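Spelled out from the first residue to the last, the chains are:
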Amino acid sequence: MAEKGARDESMLPKAWKAMLGPADYVPVVVRSVERVHDVTWTMGPSIHEHYEMVYMKSGKAVFDIEGDQVEIGPNDMIIIKPNKRHMFAVRSKECDFFVLNFGFTDSRDKSISEVSLGEFIDFLEGRGAGPYLFLKVNQKNDIISVVERVVNEGDNDDIGGGFMSRLLVMELFVLISRALKREWENSLRKMGYKRNELIRSAVGYIDNNYERNISLKDISRFVFLSPSYFTRAFKEETGMSPINYLLRRRIGRASELLLTTDRKVSDIALAVGFSNQQRFNDIFKKNMRVSPLRYRKDGAGPETP
């Protein structure tokens, strides 16, 4: 069924506008439905321009996605990426499942976009070029509750139904994103070499971007890890936290500039990624035991501050 309750921006309360405003792309459910089929039912080849999410409540089935056979059972969830050929066949006496087709609309011009919402699409693309994602959830998982509410809200003609559907879909994507990241991190714990490779990638990212205003969140998202897990893994691999490594990289470059140029200290602070000179002075002195000016004066570089 098509999504109902398209919103009129001029009628939205200010608080609602504030919640939607920061997002460039807002999730939209194109179709939501619950199906029950028996073993005699099969679905022929199908291709959608949108993402398709299938959550299996009970029973068993087999998907053929771009030639890849995927068995799904109770509490399995599969997300098929856009424009991927797929078929579906029931493999049990009865099969009960939810289907959500969704896309992302540009919040400024309302056009449907393949660009997804924040962390969800970042992680989705980071999983590689495969045609689908697979996730197993337990029966009490919040994801299941939200999926059911999304489907039920699609039949709701009450005032605000469309807006409620969007909030639920946003919540759903946040929950799925977190679940996928946990799954990804758990797999890394079993593959030490892979974790080491990711940390090396993060170090390279810092080395190439330390002069920019990057944060722990930026670095951890580069390797598709949560900030807490990334911080722990980075420290175990390198002996220091990612922020300490970032600061040392900046201070190291600042030390070179102090000794080899006559640039002002304030200019050097900005050039290596600090937002202001005072913070640069404090961090520099903590690491080098002297102020930037004293370091320059005692070194072999220009004496002009």
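No experiment lies behind these values; they were computed from the predicted model shown.

Chemist: Where do I start with helix H10 (residues 277-288) in this structure?
Modeler: Because each turn of an α-helix spans 3.6 residues, side chains separated by three or four positions end up pointing in the same direction. Across its twelve residues, H10 extends 16 Å between first and last C-alpha, which sits within 8% of the 16 Å expected from 1.5 Å per residue. Listed as buried for H10 are Phe280, Ile283 and Phe284. Seen from one end, H10 has its buried residues packed into an arc of 100°, which puts them on one side. In H10, the exposed residues that point more than 90 degrees away from the buried face are Gln278 and Lys286. Considering only its buried residues, H10 is in contact with helix H8 (242-260), helix H9 (265-271) and helix H11 (292-298). If you check the start of H10, you find a side-chain oxygen 3.2 Å away from the backbone N of Gln278, and it comes from Asn276. Where H10 ends, the next residue or the one after it, Arg289, has phi of about 70°, a positive value.

Chemist: Is there a simple way to explain the sheet that holds strand E2 (residues 42-46) in this structure?
Modeler: Sheet strands line up and pair through hydrogen bonds in the backbone, either parallel or antiparallel. Sheet architecture is open: four strands sit in the order E2-E7-E4-E5, paired in antiparallel fashion. Taken across any chain shown, the strands that pair with only one partner, and hence form the sheet edges, are E2 and strand E5 (68-72). Averaged over all pairs of adjacent strands, the angle between strand axes in this sheet comes to 15°, irrespective of strand direction.

Chemist: Would you explain unusual backbone geometry in this entry?
Modeler: Glycine aside, negative phi is the norm for most residues, and most peptide bonds take the trans geometry. With a phi angle near 55°, Glu66 is a residue other than glycine that sits in the positive phi range. Counting through the fold element by element, Glu66 comes out in the loop between strand E4 (61-65) and E5. With a relative accessible area of 47%, Glu66 lands in the partly exposed category. In this structure, Asn75 takes a positive phi of about 70° despite not being glycine. Here Asn75 lies in the loop between E5 and strand E6 (76-80).

Chemist: Even after reading the chapter, I still don't get the nonpolar core, so can you show me in this structure?
Modeler: Grouped burial of nonpolar side chains is what soluble globular proteins tend to show. In terms of nonpolar packing, the biggest core is built from 25 residues, with Met53, Met77, Leu135, Ile143, Leu172 and Ile176 touching the most fellow members. Those elements that place two or more of their residues in this core are strand E3 (51-58), E6, strand E8 (94-106), strand E10 (132-136), helix H3 (142-153) and helix H4 (161-189). Other than its neighbours up to four places away in sequence, Leu172 contacts Met53, Leu100, Ile143, Val146 and Val147. Membership of the second largest hydrophobic core comes to 18 residues, among which are Tyr205, Leu225, Met240 and Leu246.

Chemist: What's the story with the packing of aromatic side chains in this structure? I'm lost.
Modeler: For any pair of aromatic rings, the description consists of the separation of the ring centres together with the inter-plane angle of the planes. Applying the stated rule across the entire model yields nine aromatic pairs. Measuring from centroid to centroid gives 5.6 Å for Phe280 and Phe284, while their planes differ by 55°, and the two rings are tilted. Of the two residues, Phe280 and Phe284 both sit in helix H10, four residues apart, roughly one turn of that helix. Accessibility classification places Phe280 together with Phe284 in one group, the buried group. Through a chain of ring-to-ring contacts, the aromatic side chains of Phe274, Phe280, Phe284 and Tyr295 assemble into a single cluster. Directly above the aromatic system of Phe274 lies the positively charged group of Arg250, at a separation of 5.6 Å from the ring centroid.

Chemist: Sorry if this is basic, but what is going on with the pattern of salt bridges here?
Modeler: Pairs can form between side chains of opposite charge whenever their charged atoms are close. All chains considered together, the criterion is met by four salt bridges. Of the charged contacts, one joins Arg249 and Asp207 as a salt bridge, the two residues approaching to 3.2 Å between their closest N and O atoms. Separated by 42 residues along the polypeptide, Arg249 in helix H8 and Asp207 in helix H5 (residues 192-209) bring together distant segments of the chain. On the basis of relative accessibility, which here comes to 29%, the residue Arg249 falls in the partly exposed class. On the basis of relative accessible area, Asp207 is assigned to the partly exposed category, the value being 24%. In this structure, Glu256 engages Arg253 in a salt bridge whose closest nitrogen and oxygen atoms are separated by 2.9 Å. In this pair, Glu256 and Arg253 are both assigned in helix H8, three residues apart and thus about one turn of the helix distant. For Glu256, a relative accessible area of 44% corresponds to the partly exposed category.

Rules behind the numbers
Residues numbered from 1 in each chain as written. Predicted model: local features only at pLDDT ≥ 70, side-chain atom pairs only at ≥ 80, totals over all residues. Heavy atoms only, no water. Helix = DSSP H or I, 4+ residues; strand = E, 2+ residues; numbered from the N terminus. Expected span 1.5 Å × (residues − 1). Buried < 20%, exposed > 50% of the residue type's maximum accessible area, 1.4 Å probe, protein only. Arc of directions from axis to C-beta. Contact = heavy atoms within 4.5 Å. Polar contact = N/O pair within 3.5 Å; in protein donor to acceptor, adjacent residues only side chain to side chain. Pairing = 2+ DSSP bridges. Axes fitted to C-alpha atoms, helices over the stretch in contact; angles between N-to-C directions. Core = buried A, V, L, I, M, F, W, Y, C linked by side-chain atoms within 4.5 Å. Phe/Tyr/Trp six-rings, centres within 6.5 Å; stacked < 30°, edge-to-face > 60°. Lys NZ or Arg CZ within 6 Å of the ring centre and 35° of its normal. Salt bridge = Lys/Arg side-chain N within 4 Å of Asp/Glu carboxyl O.

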